Amino acid sequence: FMPDLGYPRLTSGDPERDQWVDATLSHNTVMVNEKSQNGLVEPRGRIRHFDDDGMVALMDVSAPYIYDETEEYRRSVVTIRNDDETSYTVDFFRIIGGDSHTYSFHASSDSIAETKGLEFDLRARCLYYAG
């Protein structure tokens, strides 16, 4: 559903890895101020909550040091099972700091079946619900 385009085919000496794979934009995440995240920083991200009861799964993680200009960089993903064959996932980002936030999402399909009430804000470069 959400392929990570940033997984390396090769682990060293690969120009594609240097120019694309290691870039924040190649992953399903938010880029702040049009630049990649800091490298491996200490302290790293912190798991704030994780739960999976079979019908609802929740993961909440914060990584406030991943960008110098953010005081909060936090993601919560909730997956809700509708029935034995279908479920849906909601992805929440909470970011305080920075001037622009670009949500990079790579789906496994090149089309969207149907959307209602979504508008694209060119200034903020994001989709939002307008209902």
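Criteria and cut-off values
Residues numbered from 1 in each chain as written. Predicted model: local features only at pLDDT ≥ 70, side-chain atom pairs only at ≥ 80, totals over all residues. Heavy atoms only, no water. Helix = DSSP H or I, 4+ residues; strand = E, 2+ residues; numbered from the N terminus. Buried < 20%, exposed > 50% of the residue type's maximum accessible area, 1.4 Å probe, protein only. Contact = heavy atoms within 4.5 Å. Areas by Shrake-Rupley, 256 points an atom, 1.4 Å probe, with all protein chains shown as cover. Polar contact = N/O pair within 3.5 Å; in protein donor to acceptor, adjacent residues only side chain to side chain. Pairing = 2+ DSSP bridges. Axes fitted to C-alpha atoms, helices over the stretch in contact; angles between N-to-C directions.

Caption draft 1: Seen up close, the overall build of the protein chain. Looking only at helices and strands, one finds one helix and eight strands in the protein chain. Tracing the protein chain from N to C terminus, the helices and strands come up as α-β-β-β-β-β-β-β-β. Classification of the 131 residues of the protein chain by burial places 23% in the buried group. In the protein chain, 44% of the contacts between residues at least 6 apart in sequence involve partners at least 24 apart. Per element, the accessible surface of the protein chain, about 9,600 Å² overall, is 52% carbon and sulfur.

Caption draft 2: Broad picture of the environment of Thr70. Position of Thr70 among the secondary structure elements: in strand β4 (residues 70–81). Through-space distance from the C-alpha of Thr70 to that of Ile96 is 5.6 Å; in sequence the pair is 26 residues apart. The contacts of Thr70, once residues within four sequence positions are left out, are Val32, Pro64, Ile95, Ile96 and Gly97. Engagement of the side chain of Thr70 in a polar contact is seen with the backbone oxygen of Pro64, the distance being 3.5 Å. One polar contact links the side chain of Thr70 to the main-chain carbonyl oxygen of Tyr67, over a distance of 3.1 Å.

Caption draft 3: Geometry of the sheet that holds strand β2 (residues 46–52). Pairing is antiparallel across the open sheet formed by four strands, whose spatial order is β2-β3-β4-β5. In the strand order of this sheet, the two ends are held by β2 and β5 (87–97), each with one partner. Between one strand and the next, the sheet's axes are offset by a mean angle of 5°, whatever the strand orientation. Direction of pairing for β2 relative to strand β3 (residues 56–62): antiparallel, over a ladder of six bridges. In the strand pairing of β3, Phe50 is matched with Met59.

Caption draft 4: Spotlight on the side chain of Arg74. With respect to the secondary-structure elements, Arg74 resides in strand β4. Exposure remark for Arg74: the relative accessible area of 17% places this residue in the buried category. Side chain to side chain, Arg74 and Asp60 meet in a polar contact 2.5 Å long. Beyond its immediate sequence surroundings of up to four residues, Arg74 is in contact with Arg48, Asp60, Val61, Ser62, Phe92, Phe93 and Arg94.

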